[in-house]
Amino acid sequence: MAGSDTPKGPLDGLIILDLSRILAGPTCTQALGDLGATVIKVEHPERGDDTRSWGPPFATGSDGQPTDLSSYFMAANRNKLSVGVDIATPEGQDTIRQIAARADVVIENFKPGGLVKYGLDHGTLCADHPSLVYCSISGFGHTGPNREKPGYDLMAQGYAGTMALTGEIDGQPMKVGVGIADVMTGMYAAIGILAALRHRDATGQGQHIDLSLVDSTVAWLINEGVSHLTTGADRPRRGNGHPSIVPYQTFASADGHVLVAVGNDAQFTRFCDFIGRPDLATHADYATNPVRLAHREVLIPILAEALAKLTSDQIIAGLEALKVPVGPVHTVEQVFATDQVAARHMRIDLEKPGIDRGGVELIGNPLNLSATPVTYRRPPPHLGQDTQTVLDWLAGRCNVTDP
């Protein structure tokens, strides 16, 4: 929790009304909360955010029983106040409208048009409050032939082509191991909201941000998407290989796997010296990256055979000494045990009364701002724990913004 000596973030004083759930919206609002904004998360008073039940694992209470804090929920919901409100009731709608009247930003991820019947849609609230920034996140957006279809991370990855590019060459299409479409949509949402706030501060005019999971996922096809647009040809799966650089992939070692990322021809020469095959660096089929790409099916097995005779530690130490990019393939457990993660504060502990260990362990925010650092003021909230505080704020009895 913040104290009087806690630095104020760059978004201190902003109030975010968060009507979103699951991952894309909560990822966005957690990022804004880390930067100092006050985030009021509205949840159904009985069910809460869907992800509260997405477990195990759950944080365990001091009584030894699971709480409503699943690890999934905690991953995207720190620095927020939880308000239990039933949006389907007139009383709940009135409470939300009161919060919106005092908010700078509203973010929601209902189906397009789903909030119209409650009078909480962007058309209504933006008309009532012209300076409001209102961000809508949906599967396909508010326009287009698929606008009525629901959207989930898995569907976005499949629809937008990510899965077709991911997986073994001869295997089935594969999703990314985490909800990357949701996470990237949340990041785009944060960028859009900050841009809209700058415009609002300059002109007094708010606006509606219409953002979709599928659009966001298409956007991060990046080089593979533009390669298709340039050539007209579809893009194949290459497993852990790179479409434009060779060698740039995973290799099996004698005791595991390593990553080798040879970015230029000089690095390739040093790499070949290390594996005892200096002849490869001058061979007409491998001397430059374009010809290595053309002959990758012959070259990669040669390199794989040489590396398989060495341990991961030998390969990493040897190539690092030659300044050839190389690295380990960590498990998640190994990641959080590294001194690099500790040094960069990417593993954080937040006190949480009532939890058996006295608090929760979370992933840190990667932003390192020299003048306005991120702050971790509130651990993920229990369902509705701040309802009375927000109601008191609406009645003028307290200040809901963080110190």
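Up top you'll find the structure we're talking about.
Residues numbered from 1 in each chain as written. Predicted model: local features only at pLDDT ≥ 70, side-chain atom pairs only at ≥ 80, totals over all residues. Heavy atoms only, no water.

Considering the overall build of the protein chain
In terms of regular secondary structure, the protein chain is built from 17 helices and 13 strands. Along the first, second and third principal axes, the C-alpha set of the protein chain runs to 80 × 50 × 40 Å. Counting across all 403 residues of the protein chain, residues that qualify as buried make up 44%. Within the protein chain, counting contacts between residues at least 6 apart in sequence, those at least 24 apart form 67% of the total. Charge separation in the protein chain, taken as the distance between the mean sites of 32 positive and 45 negative side-chain charges, equals 3 Å. (Helix = DSSP H or I, 4+ residues; strand = E, 2+ residues; numbered from the N terminus. Buried < 20%, exposed > 50% of the residue type's maximum accessible area, 1.4 Å probe, protein only. Contact = heavy atoms within 4.5 Å. Lys, Arg positive; Asp, Glu negative; His and termini not counted. Charge placed at Lys NZ, Arg CZ, Asp CG, Glu CD.)

Digging into the packing of aromatic side chains
By the definition in use, this model includes three aromatic pairs. Seen from their ring centres, Trp54 and Tyr72 are 5.0 Å apart, and the 85° between their planes marks the pair as edge-to-face. Pair noted here: Trp54 is in the loop between strand 2 (38–43) and strand 3 (58–60) and Tyr72 is in helix 2 (residues 71–74), with a separation of 18 residues, a long-range link. Residue classification places Trp54 among the partly exposed positions, given a relative accessible area of 37%. Given a relative accessible area of 29%, Tyr72 falls into the partly exposed group. The residue whose ring lies beneath Arg21 is Phe110, and the NZ or CZ to ring-centre distance is 4.5 Å. Taking NZ or CZ as reference, Arg52 lies 3.9 Å from the ring centre of Phe73, over its face. (Phe/Tyr/Trp six-rings, centres within 6.5 Å; stacked < 30°, edge-to-face > 60°. Lys NZ or Arg CZ within 6 Å of the ring centre and 35° of its normal.)

Side note on unusual backbone geometry
One can expect most non-glycine residues to show negative phi and most peptide bonds to be in trans. Here Pro56 and Pro57 are connected by a cis peptide whose omega angle stands at 10°. Following the sequence through the fold, Pro57 ends up in the loop between strand 2 and strand 3. Residues other than glycine seldom take positive phi values, yet Asn79 does so here, at roughly 55°. By the element assignment, Asn79 lies in the loop between helix 2 and strand 5 (80–84).

Remarks on the pattern of salt bridges
By the definition in use, this model includes 15 salt bridges. Put simply, Glu43, Arg52 and Asp68 are held in one network by salt bridges that share partners. (Salt bridge = Lys/Arg side-chain N within 4 Å of Asp/Glu carboxyl O.)

Concerning the environment of Thr282
Relative to the helices and strands, Thr282 is located in helix 11 (residues 279–282). Between the C-alpha atom of Thr282 and that of Thr269, which follows or precedes it by 13 residues, the distance is 8.1 Å.

What about the sheet that holds strand 10 (residues 257–261)?
The strand order across the open sheet built from three strands is 9-10-11, with neighbouring strands paired in antiparallel fashion. The sheet terminates laterally at strand 9 (248–252) and strand 11 (326–328), the two strands that pair on one side only. Here the average twist between neighbouring strands, direction ignored, is 25°. Where strand 10 and strand 11 come together, three bridges link them in antiparallel fashion. Each bridged residue has a counterpart across the sheet, and for Leu259 the counterpart in strand 11 is Gly327. Relative to the sheet, helix 13 (residues 296–307) contacts strand 9 and strand 10, its axis offset from that of strand 9 by approximately 45°. (Pairing = 2+ DSSP bridges. Axes fitted to C-alpha atoms, helices over the stretch in contact; angles between N-to-C directions.)

Examining the environment of Glu333
Within the secondary structure layout, Glu333 lies in helix 15 (residues 332–336). Taking the C-alpha atoms as reference points, Glu333 and Val246, separated by 87 residues in sequence, lie 30 Å from one another.

What to know about the sheet that holds strand 2
Pairing is parallel in the open sheet, where six strands are placed in the order 5-2-1-6-7-8. If you trace the sheet from one side to the other, it starts and ends with strand 5 and strand 8 (207–212), each paired once. Ignoring which end each strand starts from, the neighbouring axes of this sheet average 20° apart. Note: strand 2 against strand 5, five bridges, orientation parallel. Each bridged residue has a counterpart across the sheet, and for Lys41 the counterpart in strand 5 is Ser82. Running over the sheet, helix 1 (residues 24–34) touches strand 1 (15–19), strand 2, strand 5, strand 6 (105–108) and strand 7 (133–138) and is turned about 165° from strand 1. Seen against the sheet, helix 17 (residues 387–394) touches strand 1, strand 2 and strand 5 and runs at an angle of roughly 90° to strand 5.

Digging into the nonpolar core
The biggest cluster of nonpolar side chains holds 27 residues, and the ones touching the most others in it are Ile16, Cys28, Leu32, Ile107, Cys135, Ile137 and Ile193. Secondary structure elements with two or more residues in this core: helix 1, strand 6, strand 7, helix 7 (180–203), strand 8 and helix 8 (213–219). Dropping the residues within four chain positions of it, Cys135 is found in contact with Val106, Ile107, Glu108, Ala189, Ile193 and Ile209. The next biggest cluster of nonpolar side chains, apart from the first, holds 26 residues, and it includes Ile15, Ile87, Ile99 and Leu132. (Core = buried A, V, L, I, M, F, W, Y, C linked by side-chain atoms within 4.5 Å.)

Some points on the packing of helix 3 (residues 90–102) against helix 17
Orientation of helix 3 relative to helix 17, taken along the N-to-C sense of each, is 60°, at an axis distance of 11 Å. Pair helix 3 / helix 17 crosses with left-handed handedness. The segment helix 3 lies against helix 17, with Thr95, Gln98, Ile99 and Arg102 engaging Val390, Leu391, Trp393 and Leu394. In terms of residue class, the contact of helix 3 with helix 17 is made up of five nonpolar, two polar and one charged. (Left-handed = near helix turned anticlockwise from the far one by under 90°. Nonpolar A, V, L, I, M, F, W, Y, C, P; charged D, E, K, R; others polar.)

The analysis is restricted to geometry; functional conclusions fall outside its scope.
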